[in-house]
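# Survey of secondary and tertiary structure
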Amino acid sequence: MVSPLTPHHCYPALLARDARFDGQWFVAVKTTGIYCRPICRVRAPKLENCLFFPTASQAEAARFRPCLKCRPELAPAARPWSAMDASEVLAREAARWLDECAPDQASLPALATHLGVSERHVRRIFTAVHGVAPLQYLQTRRLLLAKQLLTDTRLPVAQVALAAGFSSLRRFNAAFSEHYRLSPTALRDGGARRRPASEDDALELRLDLRPPLLTTALLQFLAARAVPGVEQVDLAGLRVLRSVRLSLADPPDVLGWVTVALPPDGAERPQVRVRLSASLWPHVAALMPKLRRWLDLDADPHAIAAALGDELGPSALGLRLPGTLDRFELAVRAVLGQQVTVAAARTLATRLVAAFGEPLPAALDAPAPVTHAFPAAARLASATVDEVAALGMPGRRAQALIHLAAEWPRLAFAQGRGTVEDAMAELAALPGLGPWTAHYMLMRGWSWPDAFLPGDVVLRQRLESRAGDSMRPAALVAAAQRYAPYRSYAVLQLWREASALGKAGTSTSTSTSTSASAGTSTGSIGSNSSTGTTSSSISTGSTASKSSTGTPGSTSSTSSNSSNRSTGTISTTGRTSASNRKRIRRSASLAEGPLS
């Protein structure tokens with residue numbers, strides 16, 4: 001339900017311009033009719049002139065206009081994952097659907113049909129939880145997005161109206177003038193001096209977040225898992241470039257690419273800058289929430305650090321939980337990552353893209369490193385077991401991938417519908433998916449902050465190291481409970497620790513035995529051998545060399561295989577040898593997830 005805000009608690013944070021409360025609530029000033037973010041730099045109003053609202057939708061429903069200086073449309077969202085009853089789960093799912101659905105599909109009847117309840121029930125529950133009716137919420141989201149597009153880009157006003165979800169320019173002009181008492185062209189003309197000077201920056205969006213941000217940790221996590229041809233991570237330039245597949249209600253899917261530029265570690269007012277391909281601008285309303293969840297821009301770093309305690313909290317301050325732009329891609333890669341290292345899973349994913357991925361059309365003018373979109377569920381569902389197994393995986397795992405693809409349109413996980421418990425049971429019932437995979441898919445696919453991956457070798461090692469003794473599975477779960485409700489962030493931080501220790505061990509080994517380290521990397525979870533840009537092109541015509549060591553999941557390679565990776569040649573054959581499969585099966589007793 002809507003949480004009451006106490007003015008005497010909010011006002012000191014307003015005076016301090018405390019960024020921890022940015023997006024948690026908004027302040028409206030009675031004398032000006034304007035509402036602002038807590039970090040607004042204008043002179044603070046008197047307490048008796050202030051009203052505090054949990055959401056921008058409620059402030060606008062009370063007839064207040066958004067501030068043109070602090071720009072409430074840029075504020076990070078408040079998405080608490082506390083214990084919720086059935087009504088709150090329903091209201092949260094309704095808001096998510098309104099955020100992500102195509103503009104022409106958004107209506108109260110369609111929302112009620114999606115949720116499987118009556119329109120009256122949706123309206124009643126939504127209003128009780130969010131403080132406004134569903135259509136008021138949707139109208140505010142559309143107007144704030146339009147305001148951002150008018151301010152940050154040079155898109156024509158008619159295109160802004162359609163991208164924001166309005167059916168016509170006339171309706172957009174009327175709604176904008178009624179709510180903001182300003183025409184769209186007047187807003188754009190008033191912000192002319194703030195427009196980008198160069199043509200390259202003319203179609204760039206800005207996304208705000210709560211500081212601090214550990215950019216390096218986020219990029220290292222993504223770089224270790226970047227699939228050549230689909231995603232490129234530039235650690236030095238603090239940028240991520242990747243292809244995007246938007247699955248809409250009406251086929252075909254929309255393909256495109258996105259580039260995000262992140263601020264350096266410790267930036268006082270961090271801001272992410274986003275550029276999109278021309279094909280994605282008409283669907284920016286559905287894409288924006290996905291972008292924010294992908295980079296976890298709505299996280300509350302101080303609350304997370306406090307929950308992780310003195311052991312993990314200080315070093316994890318600013319840590320983000322990487323999400324995904326495509327739940328199907330994440331699900332497939334989670335299955336590929338079972339019982340192998342991150343590097344080995346990435347190799348399998350690269351072969352999968354080479355065999356079944358869709359080349360980006362030349363008209364999209366995608367930057368050179370990005371050439372393919374990840375395979376669609378329908379494409380993988382039509383593949384044979386032999387075709388998938390030929391990429392280098394056991395036949396049962398190939399069957400699991402094909403079954404997952406065939407069931408995908410009907411899965412509640414794919415649609416983000418229902419509770420975590422229901423989705424967990426649904427995923428665990430699929431063949432080839434165990435508890436580790438289900439938890440991992442929810443942790444990143446749903447941005448679930450309280451996941452703990454059962455059976456993960458690295459987590460067990462790190463928790464046992466802290467306890468000073470071996471621990472049974474039940475004891476491991478109990479030990480991780482102290483990090484609730486942010487156990488997912490504890491998982492990331494423990495993986496970071498293990499990666500750092502692995503690199504330190506590798507450095508020590510290198511100093512004592514140069515020959516032993518000539519062609520070997522550690523393969524630790526979250527590790528990344530790249531220090532600059534991780535990229536590669538995709539080719540389907542060569543055969544990968546087998547590892548010289550034969551260790552399952554290791555990243556060791558012969559000189560010819562290293563050469564293939566450096567030139568960007570990716571194999572689509574590379575069937576795992578019988579001896580390697582035996583070793584993988586023996587390793588399965590240790591963990592379902594990636595081995596360290």
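Residues numbered from 1 in each chain as written. Predicted model: local features only at pLDDT ≥ 70, side-chain atom pairs only at ≥ 80, totals over all residues. Heavy atoms only, no water.

## Describing the sheet that holds strand β1 (residues 26-29)
With mixed pairing, the four strands of this open sheet are ordered in space as β3-β1-β2-β4. Lying at the two open borders of the sheet, with one neighbouring strand each, are β3 (50-53) and β4 (65-66). Looking at chain direction, strand β2 (residues 34-36) and β4 are connected through two bridges and run parallel. Looking across to β4, one finds that Tyr 35 is bridged to Pro 66. Sitting on the sheet, helix α1 (residues 7-16) touches β1 and β3, and the angle it makes with β3 is about 100°. (Pairing = 2+ DSSP bridges. Helix = DSSP H or I, 4+ residues; strand = E, 2+ residues; numbered from the N terminus. Contact = heavy atoms within 4.5 Å. Axes fitted to C-alpha atoms, helices over the stretch in contact; angles between N-to-C directions.)

## Considerations on the packing of helix α13 (residues 327-336) against helix α20 (residues 435-445)
Two numbers describe how α13 lies on α20: the axes approach to 10 Å, and their chain directions differ by 150°. What the angle tells us is that α13 and α20 run roughly antiparallel. Once α13 is placed against α20, the crossing between them reads as right-handed. Contacts between α13 and α20 involve Arg 327, Leu 330, Ala 331, Ala 334 and Val 335 from the first element and Trp 436, Thr 437, Tyr 440, Met 441, Arg 444 and Gly 445 from the second. In the contact of α13 with α20, the residues fall into seven nonpolar, two polar and two charged. (Parallel < 35°, antiparallel > 145°, perpendicular 65-115°, else oblique. Left-handed = near helix turned anticlockwise from the far one by under 90°. Nonpolar A, V, L, I, M, F, W, Y, C, P; charged D, E, K, R; others polar.)

## Some thoughts on the side chain of Arg 487
Its location among the elements puts Arg 487 in helix α23 (residues 487-512). The contact partners of Arg 487, leaving out residues within four places of it in the chain, are Pro 449, Asp 450, Ala 451, Phe 452, Ala 480 and Gln 481.

## Re the pattern of salt bridges
If you walk through the whole model with that rule in mind, you get 23 salt bridges. Here Lys 147 makes a salt bridge to Glu 73, at a shortest N to O gap of 3.1 Å. With Lys 147 in helix α6 (residues 134-152) and Glu 73 in the loop between β4 and α3 (86-100), this residue pair connects regions lying 74 residues apart in the sequence. Judged by its relative accessible area of 2%, Lys 147 is buried. Within the structure, one salt-bridge network assembled from shared partners comprises Arg 71, Glu 73, Lys 147, Asp 152 and Arg 206. (Salt bridge = Lys/Arg side-chain N within 4 Å of Asp/Glu carboxyl O. Buried < 20%, exposed > 50% of the residue type's maximum accessible area, 1.4 Å probe, protein only.)

## Things to note about the confidence of the model for the chain
As a note on interpretation, predicted positions should not be read in detail where pLDDT is low. Counting all residues, the mean pLDDT for the chain is 82, and 80% of those residues have values of 70 or more. This stretch, residues 539-592, has a pLDDT under 50; its non-local contacts, to residues over four places away or in other chains, come to 102 contacts. (pLDDT = per-residue confidence, 0-100.)

## Here's the deal with helix α14 (residues 342-356)
If you check α14, its first and last C-alpha atoms are 21 Å apart, about what 15 residues at 1.5 Å a residue would give, namely 21 Å. The buried fraction of α14 is high, at 12 of 15 residues. Within the span of α14, buried status applies to Val 342, Ala 343, Ala 344, Ala 345, Leu 348, Ala 349, Thr 350, Arg 351, Leu 352, Val 353, Ala 354 and Phe 356. Buried residues belonging to α14 abut α10 (215-225), α13, β10 (358-359), β11 (372-373), α15 (377-381) and α16 (385-389). (Expected span 1.5 Å × (residues − 1).)

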